[in-house]
Amino acid sequence: MSTSASTGVLVIGGGVIGLSIGWRAAQRGMAVTIADPAPGGGASHAAAGMITPISEAAYAERELFRLGSESQRRYPAFAAELTGITGEPTGYRQTGTLQVAYDADDLAVLGEYQALQESFGVTTRRLTARDCRREEPMLDPSISGGLLAPDDASVDPRLLTRALLAAAVAAGADIIRQPAAEILSAAGRTAGAVLADGTRILARWVVLAAGWNSGSIAGLPPGTAPPVRPVKGQILRLRSLPRGPDSPPGLLARSVRGMVHGSSVYLVPRQSGELVVGATQEELGADTRVTAGGVWELLRDARTVVPGITELELTEAVAGLRPGTPDNAPVLGPSALPGLVLATGHFRAGVLLAPVTADIITGYLTTERLSGLAAPFTPQRFSRPAGARLWK
């Protein structure tokens, strides 16, 4: 038998984005319900947790880089507040990112990255091969050179979502472990949603933050579904023996992004001794199989950069589905259906953009005015005439 409940804000999706929004909205005194069958699962569970707008600048549009930089600026206080409220760690570490090139061709590509980053107003330090090995002694001696982005950071997404879930509950949010099956609308605006178990949740606001599933929920009127697609990413977790609190975590002291014969690989250390290696990028639809080829490619390139990984224990291989959009930038703000607010399509940057996305969306829910930071990322950009520029 179906039941009904009402709330002020129904957040559909309990990944790092949905939990961050739910927490901030509950902090502002709103009645919040978060619906997700496995909060903290999905792409958030698989993510490496790099907070790297500088290192990602080579792949990003200028406006997306600005959004990421603003979110990075907010991260230390965001992480500290979560731990202060819940007592839970987030794994936040601001140790920088070292980008390294394996051969001369890779080094030339890295030079192009540096020029693009500098065009964004970012200064990175160019390192010789010897400098790179001084920063990270376990790098392969054949590394040709690199760039150091000292302000980059990382977080453990599994710890982060655990802390966010605890903080949201402490702030008064209700957690319902069910997926949304259908969006309800009445009188020309959203009215809530029906969950998979038949429960009807009536709400003034519905925030759609369901990752790659956001566009496939029933009941979305034409023109309101965000154009998101699943982009598969395979990722590995390795482990060495933990060291003291002041010692480097295993083989590396900081995140390392490697360019190896044109292929990209990253290695993100945790203080626990875990080392995350990722990630493939595959347009295969909703495929979460871990493949021998994906694992081999990651280990091959990671071993080329840091040969010592072959001595580590392989503890996990997992595939997640990132929510990609046509321009691989997030969709933020009110949809064409009044009362339905979108917060999805973060692609590779969901963990990075969580603090700023939560502030943008909760700011809109309280004022019905969208922050200028979100202006380039509204859903309306996809309805512009063909050939129109997405950014100014």
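Caption draft 1: How the structure looks around the pairing of strand β6 (residues 145–149). Counting buried positions along β6 yields 5 of 5 residues, so the element is predominantly enclosed. Of the two faces of β6, the one carrying G145, L147 and A149 and the one carrying G146 and L148 are both buried. Here 5 bridges tie strand β4 (residues 97–101) to β6, and the two strands are oriented antiparallel to one another. Along β6, the bridge assignment pairs V100 with G146. One ladder, built from 4 bridges, connects strand β5 (residues 125–128) with β6; its direction is antiparallel. Counterpart to L127 in the pairing with β6 is G146.

Caption draft 2: Focus on the nonpolar core. In terms of nonpolar packing, the biggest core is built from 48 residues, with V32, L160 and V207 touching the most fellow members. Sorting the residues of this core by element identifies β1 (4–12), α1 (16–27), β2 (32–35), α3 (62–86), α6 (157–170), β11 (200–208), β18 (340–344) and α8 (350–367) as the ones contributing at least two each. Formed by 24 residues, the second largest nonpolar core is a distinct cluster that contains L98, L148, L267 and V277.

Caption draft 3: Here's a closer look at the environment of V231. Structurally, V231 can be placed in strand β12 (residues 229–239). Setting aside residues up to four positions removed in sequence, V231 forms contacts with Q281, E282, E283, G320, L321, R322, G324 and F347.

Caption draft 4: Main features of the side chain of R24. Residue position: R24 is located in helix α1. Using a relative accessible area of 14% as the deciding quantity, one classes R24 as buried. Separated by 3.0 Å, the side chains of R24 and E81 make a polar contact. Residue contacts for R24: discarding those within four places in its chain leaves F78, E81, A358, D359 and T362.

Caption draft 5: Highlighting helix α7 (residues 292–305). With 14 residues, α7 extends 20 Å from end C-alpha to end C-alpha; this agrees with the ideal 20 Å at 1.5 Å per step. Turning to α7, the residues buried within the fold contact β4, β12, β13 (255–260), β14 (263–269), β15 (274–278) and β16 (313–324).

Caption draft 6: Region of interest: the sheet that holds β15. Reading across the sheet, the 8 strands line up as β5-β6-β4-β13-β14-β15-β12-β16 and stay open at both edges, with mixed pairing between neighbours. For this open sheet the edge positions go to β5 and β16, each flanked by a neighbour on one side alone. Geometrically, the sheet is characterised by an average inter-axis angle of 20 degrees between neighbouring strands, direction not taken into account. Bridge analysis of β4 against β13 gives 5 bridges, and the strand direction is parallel.

Caption draft 7: Looking closely at the environment of Q234. Take Q234: it is sitting in strand β12. Distance in space between the C-alpha atoms of Q234 and G294 is 6.5 Å, their sequence separation being 60 residues. Setting aside residues up to four positions removed in sequence, Q234 forms contacts with G278, A279, T280, E282, R289, V290, T291, G294, V295, L298, V318 and A319. Polar side-chain contacts of Q234 include one of 2.9 Å to the side chain of E282. A polar contact of 2.9 Å, which involves the side chain of Q234, links it to the backbone nitrogen of T291.

Caption draft 8: Structural context of unusual backbone geometry. Of note, the amide linkage connecting G278 to A279 takes the cis form, showing an omega dihedral of -20 degrees. Its place among the elements puts A279 in the loop between β15 and α7. Notably, A187 is not glycine yet its phi reads approximately 55 degrees, a positive angle. Owing to a relative accessible area of 85%, A187 belongs among the exposed residues under this scheme. Even without glycine at this site, E368 takes up a positive phi of about 60 degrees. On the secondary structure map, E368 appears in the segment after α8.

Caption draft 9: Summary view of the packing of aromatic side chains. Under the counting rule described, the total for this entry stands at 5 aromatic pairs. Here the aromatic residues W23, Y75, F78 and Y92 are joined through ring pairs into a cluster of three or more. The lysine or arginine in question, R24, covers the ring of W23, its NZ or CZ lying 4.1 Å from the ring centre. Geometry around W205 places R189 over its ring, the cationic atom sitting 5.7 Å from the centre.

Caption draft 10: The arrangement of the environment of R73 in detail. Following the sequence through the fold, R73 ends up in helix α3. On the basis of relative accessibility, which here comes to 57%, the residue R73 falls in the exposed class. In this structure the side chain of R73 is engaged in a polar contact, spanning 2.5 Å, whose partner is the side chain of E70.

So, how was this worked out
Residues numbered from 1 in each chain as written. Predicted model: local features only at pLDDT ≥ 70, side-chain atom pairs only at ≥ 80, totals over all residues. Heavy atoms only, no water. Buried < 20%, exposed > 50% of the residue type's maximum accessible area, 1.4 Å probe, protein only. Helix = DSSP H or I, 4+ residues; strand = E, 2+ residues; numbered from the N terminus. Pairing = 2+ DSSP bridges. Core = buried A, V, L, I, M, F, W, Y, C linked by side-chain atoms within 4.5 Å. Contact = heavy atoms within 4.5 Å. Polar contact = N/O pair within 3.5 Å; in protein donor to acceptor, adjacent residues only side chain to side chain. Expected span 1.5 Å × (residues − 1). Axes fitted to C-alpha atoms, helices over the stretch in contact; angles between N-to-C directions. Phe/Tyr/Trp six-rings, centres within 6.5 Å; stacked < 30°, edge-to-face > 60°. Lys NZ or Arg CZ within 6 Å of the ring centre and 35° of its normal.

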